[in-house]
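An overview of the molecular structure
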Number of protein chains: 2
Amino acid sequence: MPNPTAAMLVIGDEILSGRTRDANTHHLAGELIKVGIDLKEVRVVSDDRGAIINAVNALRAGFDHVFTSGGIGPTHDDITADCVAAAFGLPLDVRDDALAILQAHYDTCGIELNTARLRMARVPEGARLIANPISAAPGFSLDNVHVMAGVPSIFQAMVADLRPNLTGGAPVASKTVRLELPEGEIAGPLAALAGRNGDMSFGSYPFNQKGSYGANIVISGTDPGKIDAAAAELRALFGGADA
Amino acid sequence: MPNPTAAMLVIGDEILSGRTRDANTHHLAGELIKVGIDLKEVRVVSDDRGAIINAVNALRAGFDHVFTSGGIGPTHDDITADCVAAAFGLPLDVRDDALAILQAHYDTCGIELNTARLRMARVPEGARLIANPISAAPGFSLDNVHVMAGVPSIFQAMVADLRPNLTGGAPVASKTVRLELPEGEIAGPLAALAGRNGDMSFGSYPFNQKGSYGANIVISGTDPGKIDAAAAELRALFGGADA
């Protein structure tokens with residue numbers, strides 16, 4: 001049976017403007033591999049209501065899981081919760097359980113729970129809260145859509161909270177063989193090797209370091225023994241080394 | 001008149017597996033801002049024919065420009081040119097002009113132009129070649145889709161070749177004000193400021209450094225004078241500094 005599939009939806013103008021590099025996708029990708037869920041697509045959209053709603057609906061229909069990051073804070077440009085609720089056709093209101101979490105946190109810190117902060121207690125009916133041990137304001141899972149913060153430390157804590165609830169398939173193992181040859185020399189025999197091993201994938205990632213060409217060949221699959229055998233065959237063909 | 005819009009399509013399993021971080025989007029985003037083209041969406045898809053074709057067709061219909069990176073080398077997993085041709089319903093064959101470029105390059109280097117390398121001379125009829133001063137194999141522009149390499153140094157050289165052909169609108173300027181206050185304190189007055197300045201965007205990007213909360217407020221627009229005025233108003237409200 002193929003592994004469950006996932007998509008990541010990164011929300012926020014700061015990635016698209018080039019000001020910020022998205023670090024959350026890299027973290028999620030690594031966690032999903034451990035669980036045995038295949039990350040198949042990433043989308044980055046701006047803080048635009050129509051763009052977010054369309055992406056949520058396209059991705060939740062196309063993949064087993066959708067993970068979002070960004071846009072759940074207290075400011076006017078934080079519209080992710082509104083858009084996810086709208087994508088599901090659900091109302092969005094302050095929910096008592098989320099409010100209690102925020103109230104306890106701000107009471108402890110001696111901070112006022114003002115109107116802006118109250119926005120972060122708005123959670124669609126039926127959603128399961130995702131814990132935020134760093135700044136309290138929770139994320140939530142609605143059906144197969146998991147809504148999380150954009151700040152990397154909080155995103156990572158939320159993924160950790162979510163992880164026990166994610167059921168995956170066989171974890172994908174991989175091995176990388178570094179070949180000091182240009183891809184054009186490797187391509188023919190590599191294609192033949194890939195053709196004989198249809199249950200594994202063979203990715204070729206060229207590099208150009210100090211004027212010398214080479215490629216890292218990443219062999220992926222669910223059977224570590226077969227991966228080792230294919231890596232050995234590759235090294236026998238081209239004299240590479242494990243990267 | 002609003003600026004032309006663009007989407008970036010990153011093709012390759014290596015980003016989705018978490019092995020590699022995509023550096024090309026960040027570069028493209030910075031270049032497009034200089035030209036006055038608004039990057040509105042990024043998608044990352046795997047080396048999968050259906051996924052690539054669907055993404056190319058969705059994005060070229062939705063945006064003025066589509067920039068792709070990855071999948072145009074000589075190995076079996078390099079299927080981007082095939083998929084772009086299929087998305088347009090065009091055949092894909094070795095084209096004389098691309099072949100001449102490769103032949104000259106490999107003759108100079110004393111390298112054989114073998115079957116695998118010949119794959120890189122396949123360009124759809126009607127496409128304009130994008131120069132590759134690093135390893136010769138060209139990219140191409142077909143209608144509003146610009147197909148480029150994934151290796152960052154080559155991607156950047158191809159963007160440089162393409163740039164004189166891109167016509168943008170007003171370059172977007174921006175200024176960042178760093179506020180040493182949690183977003184929850186900023187949100188109300190910031191929303192009011194944004195409401196009074198509908199022709200600019202005010203993004204709030206929270207940070208948490210050494211246990212202290214703050215936010216970078218990014219003010220963007222096409223009128224530098226109005227951006228400066230809004231930044232001054234923000235500093236007067238909250239005592240921040242230019243970041």
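Residues numbered from 1 in each chain as written. Chains lettered and ligands numbered in written order. Predicted model: local features only at pLDDT ≥ 70, side-chain atom pairs only at ≥ 80, totals over all residues. Heavy atoms only, no water.

1. As for the overall build of chain A
So the rule is basically this: Runs of E in the DSSP output that reach at least two residues are strands. Runs of H or I that reach at least four are helices, and both are numbered from the N terminus. Exposure is judged per residue with a 1.4 Å probe applied to protein chains only, and the accessible area is read against the type maximum: over 50% gives exposed, under 20% gives buried, and values in between give partly exposed. Working rule for contacts: check all heavy atoms of both residues, and any pair within 4.5 Å makes them a contact.
For chain A, the helix and strand inventory stands at nine helices and 12 strands. For the C-alpha atoms alone, the extent of chain A along its principal axes is close to 65 × 40 × 35 Å. Classification of the 243 residues of chain A by burial places 53% in the buried group. The contacts in chain A between residues at least 6 apart in sequence include a share of 69% that link residues at least 24 apart.

2. Details of the relation of the copies chain A and chain B
Note the cut-off: Here the copies were fitted onto each other by least squares, based on C-alpha atoms from residues at pLDDT of at least 70 in both.
Placing chain A over chain B gives an RMSD of 0.0 Å and needs a rotation angle of 180°, together with 0.0 Å of translation along the axis. Such a combination of rotation and displacement between the chain copies is what one expects of a two-fold axis. Within chain A, Arg43 of chain A has its C-alpha nearest the rotation axis, a separation of 2.2 Å. Here 100% of the contact residues of chain A are again contact residues in chain B; the copies associate through an equivalent surface.

3. What to know about the sheet that holds strand β6 (residues 128-130) of chain A
The line we're drawing: A pair of strands is treated as paired once DSSP finds two or more bridges between them. Comment: axis = line fitted to C-alpha atoms, over the contacting stretch for helices; angle = value between 0 and 180 degrees taken between N-to-C directions.
Ordered by their spatial adjacency, 12 strands build an open sheet running β6(A)-β7(A)-β8(A)-β3(A)-β1(A)-β2(A)-β2(B)-β1(B)-β3(B)-β8(B)-β7(B)-β6(B), and the pairing between neighbours is mixed. Edge positions in the open sheet fall to β6 of chain A together with β6 (128-130) of chain B, since each of these has one partner strand only. Each neighbouring strand pair of the sheet contributes to a mean axis angle of 20°, computed without reference to strand direction. Relative to β6 of chain B, helix α7 (residues 152-162) of chain B is tilted by about 135°, and along the sheet it contacts β1 (5-11), β3 (65-69), β6, β7 (139-142) and β8 (145-148) of chain B.

4. Examining the packing of aromatic side chains
Condition: In summary, the pairing rule links any two rings of Phe, Tyr or Trp, Trp by its six-membered ring, whose centres are within 6.5 Å, and it sorts them by plane angle into stacked for under 30 degrees, edge-to-face for over 60 and tilted for everything else. Distance and angle both matter: a charge sits over a ring if NZ of Lys or CZ of Arg is within 6 Å of the ring centre and within 35 degrees of the ring normal.
If you walk through the whole model with that rule in mind, you get zero aromatic pairs over all chains. Lying over the aromatic face of Tyr106 of chain A, Arg117 of chain A brings its terminal NZ or CZ to 5.2 Å of the ring centre.

5. Here's the deal with the confidence of the model for chain A
Heads up, the rule is: Each residue carries a pLDDT score, the predictor's own confidence in it, on a scale running from 0 to 100.
On average, residues of chain A carry a pLDDT of 93, and 100% of them reach 70 or more. Scoring the predicted complex yields pTM 0.91 and, for the interface, ipTM 0.90.

6. Quick look at the interface of chain A and chain B
Accessible area lost on assembly of the parts is the figure often given for the size of an interface. Put simply, the test is: Defined here as a combined quantity, buried area equals the accessible surface (1.4 Å probe) lost by two parts on assembly, summed across both. Take a side-chain nitrogen of Lys or Arg and a carboxyl oxygen of Asp or Glu: if they are within 4 Å of each other, that pair is a salt bridge. Polar contacts here mean pairs of N or O atoms no more than 3.5 Å apart (in protein, one a potential hydrogen donor and the other a potential acceptor; neighbouring residues in sequence count only if both atoms are side-chain atoms). Three classes are used, and their members are as follows: Ala, Val, Leu, Ile, Met, Phe, Trp, Tyr, Cys and Pro are nonpolar, Asp, Glu, Lys and Arg are charged, and the others, Gly among them, are polar.
Tallying the contact residues gives 54 residues for chain A and 54 residues for chain B. Summed over both partners, the interface of chain A with chain B buries about 4100 Å², with 54% contributed by carbon and sulfur atoms. For the pair chain A and chain B, the interface holds two salt bridges. Where Glu185 of chain A meets Arg117 of chain B, a salt bridge forms, and the shortest distance between an N and an O atom there is 2.9 Å. Where chain A touches chain B, the interface holds 12 residue pairs in polar contact (both at pLDDT 80 or more). Only α1 (13-16), α2 (24-35), β2 (38-45), α6 (115-118), β9 (173-179), α8 (183-196), β10 (201-209) and β11 (212-221) of chain A provide two or more residues apiece to the side of chain A that touches chain B. Ranked by the residues each element gives to the side of chain A that touches chain B, the list is headed by α8 of chain A, at eight residues. Its residues assigned to classes, the side of chain A that touches chain B comprises 23 nonpolar, 18 polar and 13 charged. Relative to strand β2 (residues 38-45) of chain B, β2 of chain A is paired through five bridges, and the arrangement is antiparallel. Paired with Val42 of chain A across the strands is Val44 of chain B, a residue of β2 of chain B.

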